[in-house]
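Survey of secondary and tertiary structure
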Amino acid sequence: MSKIKLMSHLVAGYPTNELALTAARSLIKGGADILEIQLPFSDPSADGPAIQTACTKVLERGYKTADGLAFIAQIHKEFPETTIYLMSYGSLIYTPGVENFCKKAAEAGVKGMIIPDLPFDFDEGLTAACKANGMINIPVAAPSMSAERLEKMAHAGFQYIYAALRVGITGTDTKIDQNTLDFLKKVSSGGSKVYGGFGISNGGQAKALASSVEAIVAGSVFVRIITENKDDATKLSEKVEAKARELTTL
């Protein structure tokens, strides 16, 4: 059976460390190729209500960056073959020092960084620090970018680019139409492989994107499933795995 590659999004420590681990195991069992693990942040600019609420709940427990990196290290130890990307925001990376942060992330098992509010050409040294620590920086392209800027990013030599499939925040439904496919073609025009996400929640969307991206990205859909089933670990595990299978099956 053919398979669509999936990058699944997970908020570190949500709703508890143990249930977050349960969700990670279920995502991998369901076919997720990449785990995009988000460090909870108080003022996200790209996250919709589901992920914002999850971040707030984790932060209310006094959760720190070190806790998130320990969570990543635990998953990496259990699943060393699964690629882990760290998603966060610029201030969490900049405050401890970009090089220092990247070193710690790499030590935890992170292979790439997705920091949507750091522009690709003014990234505070993130791309260089990633390279120095055996990781990659994955910039975020959005349909709202000017044609000139999008072309500059596409030809800047990044191995991967994360394409946000529409303007706004994550979690609301995204229609895959010709405009979407044209945008993805522009993002990949310089040879970068593309991860496509924002509002991907069902197999139909995944199939529509499959031939245009290296992997689809799904986040809010999993966070909602985790939230709805946080009082029943078995049900949470089953539903997360089933959704991952739906999104990865052609």
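Thresholds applied
Residues numbered from 1 in each chain as written. Predicted model: local features only at pLDDT ≥ 70, side-chain atom pairs only at ≥ 80, totals over all residues. Heavy atoms only, no water. Helix = DSSP H or I, 4+ residues; strand = E, 2+ residues; numbered from the N terminus. Expected span 1.5 Å × (residues − 1). Buried < 20%, exposed > 50% of the residue type's maximum accessible area, 1.4 Å probe, protein only. Arc of directions from axis to C-beta. Pairing = 2+ DSSP bridges. Core = buried A, V, L, I, M, F, W, Y, C linked by side-chain atoms within 4.5 Å. Contact = heavy atoms within 4.5 Å. Phe/Tyr/Trp six-rings, centres within 6.5 Å; stacked < 30°, edge-to-face > 60°. Salt bridge = Lys/Arg side-chain N within 4 Å of Asp/Glu carboxyl O.

1. A few points about helix α11 (residues 233–248)
Taking 1.5 Å per residue, 16 residues should reach 22 Å; α11 reaches 23 Å between its end C-alpha atoms and fits that length. Every buried residue belonging to α11 is among Leu 236, Val 240, Glu 241, Lys 243, Ala 244, Leu 247 and Thr 248, and all of these are buried. With its buried residues spanning 160° around the axis, α11 presents them on a single face. Seen from the buried face of α11, the exposed residues on the opposite side, beyond 90 degrees, are Thr 234 and Glu 238.

2. Here we look at the pairing of strand β1 (residues 6–11)
For β1, the tally of buried residues reaches 6 of 6 residues, placing the bulk of the element in the interior. Where burial is concerned, the two faces of β1 agree: the one with Leu 6, Ser 8 and Leu 10 and the one with Met 7, His 9 and Val 11 are both buried. Sheet topology places β1 next to strand β9 (residues 215–218); 3 bridges connect them, and they run parallel. When the sheet's bridge partners are listed, Met 7 is paired in β9 with Val 217.

3. As for unusual backbone geometry
Here the residue pair Tyr 14 and Pro 15 is connected by a cis peptide bond, since its omega of -5° sits within 30 degrees of zero. On the secondary structure map, Pro 15 appears in the loop between β1 and α1 (17–29). Non-glycine residue Glu 124 carries a positive phi angle of around 60°. By the secondary structure assignment, Glu 124 is in the loop between β4 (112–114) and α6 (126–132). Residue Glu 124 is classed as partly exposed on the basis of its relative accessible area of 48%.

4. Describing the nonpolar core
Phe 71, Leu 86, Met 113, Leu 126, Tyr 195, Ile 216 and Phe 222 are the most contacted members of the largest nonpolar core, which has 87 residues in total. In this view, Phe 222 contacts Leu 6, Ser 8, His 9, Leu 27, Val 240, Lys 243, Ala 244 and Leu 247; residues no more than four positions away in its chain are not counted.

5. Observations regarding the packing of aromatic side chains
This model, assessed by the stated rule, comprises 4 aromatic pairs. Relative to Tyr 195, the ring of Tyr 85 lies with its centre 5.9 Å away and its plane at 55°, an arrangement referred to as tilted. Pair noted here: Tyr 85 is in strand β3 (residues 83–87) and Tyr 195 is in strand β8 (residues 193–197), with a separation of 110 residues, a long-range link. Accessibility classification places Tyr 85 together with Tyr 195 in one group, the buried group. When the centroid spacing of 4.8 Å and the interplanar angle of 15° are considered together, the rings of Tyr 160 and Tyr 195 count as stacked.

6. Some words on the pattern of salt bridges
If you walk through the whole model with that rule in mind, you get 10 salt bridges. Residues Asp 121 and Arg 149 are paired through a salt bridge, measuring 2.7 Å at the closest nitrogen-oxygen approach. Of this pair, Asp 121 sits in the loop between β4 and α6 while Arg 149 sits in helix α7 (residues 147–154), and the two are 28 residues apart along the sequence. We classify Asp 121 as partly exposed; its relative accessible area is 22%. In this structure Arg 149 comes out as partly exposed when scored by relative accessible area, which is 30%. In this structure, the salt-bridge partner of Glu 246 is Lys 243, at a minimum N-O distance of 2.9 Å. Of the two residues, Glu 246 and Lys 243 both sit in helix α11, 3 residues apart, roughly one turn of that helix. Since its relative accessible area comes to 32%, Glu 246 is described here as partly exposed. In this structure Lys 243 comes out as buried when scored by relative accessible area, which is 15%. Among the ionic contacts, a cluster of salt bridges with common partners joins Glu 18, Arg 25 and Glu 78.

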